[in-house]
Amino acid sequence: MATRPARSLAAQERRFALALLVPALVVLLVTTTVPLVYLAWTSLMRLDLAMAYLSGFAGLDNYVKMGSDPRFWNSLVLTGIYTASTVILQVVIGLALALLVLQIPRGQALLRVGAILPIVLAPVVVGLFWRTLVLAPDFGLVDLVTRSLGLGSHNWLGDPDLALISVIAIHTWQWTPFAFLVLLASLATLPPDVYEAARLDRASAWQRFRHITLPLIRPAVVMVVILRTMTALSAFAAIFAATGGGPGSATEILNLYAYRTSFTELNLGYGSSLAMVLLAITLAISFLMFRLRRAR
Amino acid sequence: MDRHKYWRRLVLAVVAGVGVAVWVFPVLWALATSFKTERDVLAYPPVWLFEPTLANYREVLVGSSSIVPNLWSSLVVATLTTVLTMLIALPAAYALGRLRYPAKRASGFYVLGTQMLPPMGLIIPYYLVLQKMGALDTYAGLTVIYLTFALPFAIWLMVSYFEDVPFEMEEAALLDRAGRLRTLWYVILPQVRGGIAVTTIFVFLNAWNEFMFAVVLGGNRVRTVTVAMFNFISVEQTQWAKVAAGAMLAMLPVILIGFFAQRHIVKGLTVGAVKGGGRR
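Each value, and the rule that gives it
Residues numbered from 1 in each chain as written. Chains lettered and ligands numbered in written order. Predicted model: local features only at pLDDT ≥ 70, side-chain atom pairs only at ≥ 80, totals over all residues. Heavy atoms only, no water. Helix = DSSP H or I, 4+ residues; strand = E, 2+ residues; numbered from the N terminus. Buried < 20%, exposed > 50% of the residue type's maximum accessible area, 1.4 Å probe, protein only. Contact = heavy atoms within 4.5 Å. Areas by Shrake-Rupley, 256 points an atom, 1.4 Å probe, with all protein chains shown as cover. Core = buried A, V, L, I, M, F, W, Y, C linked by side-chain atoms within 4.5 Å. Domains from an automatic or database assignment. Buried area = accessible area lost by both parts, 1.4 Å probe. Salt bridge = Lys/Arg side-chain N within 4 Å of Asp/Glu carboxyl O. Nonpolar A, V, L, I, M, F, W, Y, C, P; charged D, E, K, R; others polar. Polar contact = N/O pair within 3.5 Å; in protein donor to acceptor, adjacent residues only side chain to side chain.

### So, the overall build of chain B
Secondary structure assignment for chain B yields 14 helices and zero strands. If you line up chain B on its principal axes, its C-alpha atoms span 75 × 75 × 30 Å. The buried share among the 280 residues of chain B stands at 55%. A separation threshold of at least 6 residues defines the contact pool for chain B, and within that pool the share at least 24 residues apart is 73%. Accessible surface, chain B: about 13,000 Å² in total, of which carbon and sulfur atoms supply 67%.

### With respect to the nonpolar core
Ranked by internal contacts, the top residues of the largest apolar core, which has 188 residues, are B:M120 and B:I155. If one sorts the elements of this core by residue count, helix 7 (residues 160-188) of chain A sits on top with 14 residues. Filtering out sequence-adjacent residues up to four positions away, B:I155 remains in contact with A:A24, A:L28, B:A89, B:A92, B:A93, B:L96 and B:V111.

### Quick notes on the domain arrangement of chain B
One widely used convention gives an interface's size as the accessible area the parts lose upon coming together. All names here are of chain B. One can read the domain layout of chain B as domain 1 (2-59) and domain 2 (67-275). Distance from the C-alpha centre of domain 1 to the C-alpha centre of domain 2: 32 Å. Every contact between the two is made by 12 residues of domain 1 and, on the other side, nine residues of domain 2. For the pairing of domain 1 and domain 2, the buried interface totals around 880 Å² over both sides, and the portion due to carbon and sulfur atoms is 78%. Summed over the shared surface of domain 1 and domain 2, the result is one salt bridge. A salt bridge links K242 to E59; its shortest N-O distance comes to 3.8 Å. A per-element tally of the side of domain 1 that touches domain 2 places helix 1 (residues 2-34) first, with five residues. Of the residues in the side of domain 1 that touches domain 2, the class split is six nonpolar, three polar and three charged.

### Quick look at the interface of chain B and chain A
Each partner contributes to the interface: chain B provides 95 residues, whereas chain A provides 98 residues. Surface buried jointly by chain B and chain A totals about 8,500 Å² across both partners, of which 80% is contributed by carbon and sulfur atoms. At the surface where chain B touches chain A, the tally comes to two salt bridges. Here B:R100 and A:E13 are joined by a salt bridge, their closest N and O atoms 3.5 Å apart. The tally of links from chain B across to chain A stands at six residue pairs in polar contact (both at pLDDT 80 or more). For the side of chain B that touches chain A, the class distribution of residues is 70 nonpolar, 15 polar and 10 charged.

### Regarding the domain arrangement of chain A
All names here are of chain A. Here the domain parsing of chain A yields domain 1 (3-42) and domain 2 (70-294). For domain 1 versus domain 2, the distance between C-alpha centres works out to 35 Å. With four residues of domain 1 at the interface, the matching set in domain 2 holds five residues. Buried surface at the junction of domain 1 and domain 2, both sides included, amounts to about 360 Å², of which 78% is carbon and sulfur. Contact with domain 2 buries surface across domain 1, with L36, L39 and T42 losing the most and accounting together for 86% of the total.

Spelled out as structure tokens, the structure:
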């Protein structure tokens, strides 16, 4: 007698859950999965809006073309450099600053307000600020400093080598506060008694960090790395506003190359195949990192 | 010993202060620039004391390059996105966070997977389809693609809030034969009010700040502020003061949100990042 109501309760719970879940799943299916299937299809097409009469099925031509496309390989290398350097800089600076700030008894709220500012700004506006007020030759903030120090003026966004460093700096500037805030919150939850014990054992500051702090905040660090990697792989607006991918293709990460191919050169077929590669890289990295997170 | 502590604190404060100044100063500099004349902007050495002018704001509000229509476009798209997202995400997050049903892990993974998709992969199919439907440059078209980043994010953030509500609350309400929907509405939702506020803020912020979808799928009718700001720089190359004034207006809503909701924002970033979801 007692099992029947329990079983019907479970059935009722199942029906209720599905009713709540189905709208979201249907919307996600229609708005994300179906378009991706279409993308896979267009990546097999010759689809050039500038030469529409040539459009048609092309098999794997677009993918074969990548092999001998130096601009594609260049964009892959730049994506690697851009992603690795911005993520490492954000985590290292963010963690160092969080460890420092944790030891300041007062004024943390003020620091938080300051740190939130870059996060809430639109990346395109950040790119514009840096292009004009911060990095412009002669009158930008950076040049005002280098000029007054006698180091002269530099074309921070116009020189190919400097431009890559500049867009990395812009990204790091905007998103380090994210790593800082999350790691600060994570550090604040650590139990103080562990540290007391370690101190009694005369563990050095480095030993305490290496063997107590780091293992305890590892999940938060890994999560920050995953999220920041995803953002860096899809970085667009700030670079687009600051350099447009240039000069030449000096700051053209894969995301920008796919965009320019599709919407500047209107070659949507090849653009689709480039987007497919970005998609594959992004999903592969997130899959690997989530496995890494669960390991240990 | 005490003196050592004092110096230590001073050094810490200075380092932290410099760190924050690096983040705050460029924005304050832009704010100052927005009140300068174009001539003062290009003064060397820079003028610290200048006669503030409202001319730039007059220009971007009521002048020929007014961004008011763009502010309206952004408001419409961001509001539509936020309302739709919350309506769809809240029930789904409740099911994912608290109910037992088959294929729960799989559905959770699917939502997480959609959150990892690069926007670049979506924009080409959307462009082609919306063009065919004649729906480029419409609020509907832009709102639908905004759901692709807002929905997975909102679902995962809300799941983490739903999980924090003690399960006894539901059991008690269900024993009273309150019905599942009534329990959700009257018992559980009030418990996650804070989470709903945080999620709403984040979804609105992300939609307001979006650029790539808006620049490709928008046009003359639907042109959000982020696109307008970008066009500003290519048209008004050297008029930095005007650009700064426009940027300040465009970013005023999100800066105000950031300022007044700072506690919530920190919590939202942390919950999302520490527990699993959350992509900004």
